[in-house]
Amino acid sequence: NYDFYQNVARGLCHFERDKYIHFIVGMLLAYLLVHVGTGWLHSELLHAMFVCFIITAVLGVVKELADYLLKKGFDGVDMVATWVGAAVGALLCFL
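Residues numbered from 1 in each chain as written. Predicted model: local features only at pLDDT ≥ 70, side-chain atom pairs only at ≥ 80, totals over all residues. Heavy atoms only, no water.

A. Structural view of the overall build of the chain. Along the backbone of the chain there are four helices and zero strands. Element order for the chain, N to C, with α for helix and β for strand: α-α-α-α. Across the 95 residues of the chain, 25% fall into the buried class. Within the chain, contacts between residues at least 6 apart in sequence are counted, and of these 63% link residues at least 24 apart. Roughly 6700 Å² of accessible area belongs to the chain as shown, and the carbon and sulfur atoms make up 73% of that amount. (Helix = DSSP H or I, 4+ residues; strand = E, 2+ residues; numbered from the N terminus. Buried < 20%, exposed > 50% of the residue type's maximum accessible area, 1.4 Å probe, protein only. Contact = heavy atoms within 4.5 Å. Areas by Shrake-Rupley, 256 points an atom, 1.4 Å probe, with all protein chains shown as cover.)

What follows is the structure, given as structure tokens:
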């Protein structure tokens with residue numbers, strides 16, 4: 001059991017700081033959009049969660065495309081970190 005937790009900790013610590021920033025920004029953005037979006041979209045929570053996740057995911061793609069066009073390089077792992085953060089942020093709205 002201890003080995004499992006050690007492997008998880010090593011895996012989490014393996015990511016660059018940039019990936020955590022993408023995760024946190026995606027999570028906060030989706031969370032805030034859902035809370036604003038339920039009123040703005042005049043819809044139920046589940047619908048707002050889905051729409052706001054999609055908006056955040058698209059923004060993650062646009063950010064990486066902008067990095068590519070600005071010659072900073074496209075990083076698919078950054079994009080996925082944003083998507084995972086967006087999913088967690090949207091799901092946190094159930095709490």
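B. Fine view of the environment of Leu92. Topologically, Leu92 is positioned in the segment after helix 4 (76-91). What makes Leu92 partly exposed here is its relative accessible area of 32%. For the pair Leu92 and Tyr31, spaced 61 residues apart in sequence, the C-alpha to C-alpha distance is 7.0 Å. Setting aside chain neighbours within four positions, we find Leu92 in contact with Met27 and Tyr31.

C. Structural context of the side chain of Glu64. Note that Glu64 resides in helix 3 (residues 45-69). Taking relative accessible area as the criterion, Glu64 reaches 1% and is therefore assigned buried.

D. Region of interest: the pattern of salt bridges. Tallying each qualifying case throughout the model produces five salt bridges. Between Asp18 and Lys19 there is a salt bridge whose closest N-O contact spans 3.8 Å. In this structure, Asp67 engages Lys63 in a salt bridge whose closest nitrogen and oxygen atoms are separated by 2.4 Å. Remark: Lys63 and Asp67 occur in helix 3; sequence separation between them is four residues, near one turn of the helix. (Salt bridge = Lys/Arg side-chain N within 4 Å of Asp/Glu carboxyl O.)

E. Fine view of the side chain of Lys19. Along the chain, Lys19 falls in helix 2 (residues 17-40). By relative accessible area, which is 9% here, Lys19 ends up buried. Ignoring anything within four residues of it in the chain, the contact list for Lys19 reads Asp75, Val77, Asp78 and Ala81.

F. Main features of unusual backbone geometry. You will see that Lys71, though not glycine, has its phi angle at about 65 degrees, which is positive. Examined against the element boundaries, Lys71 turns out to sit in the loop between helix 3 and helix 4.

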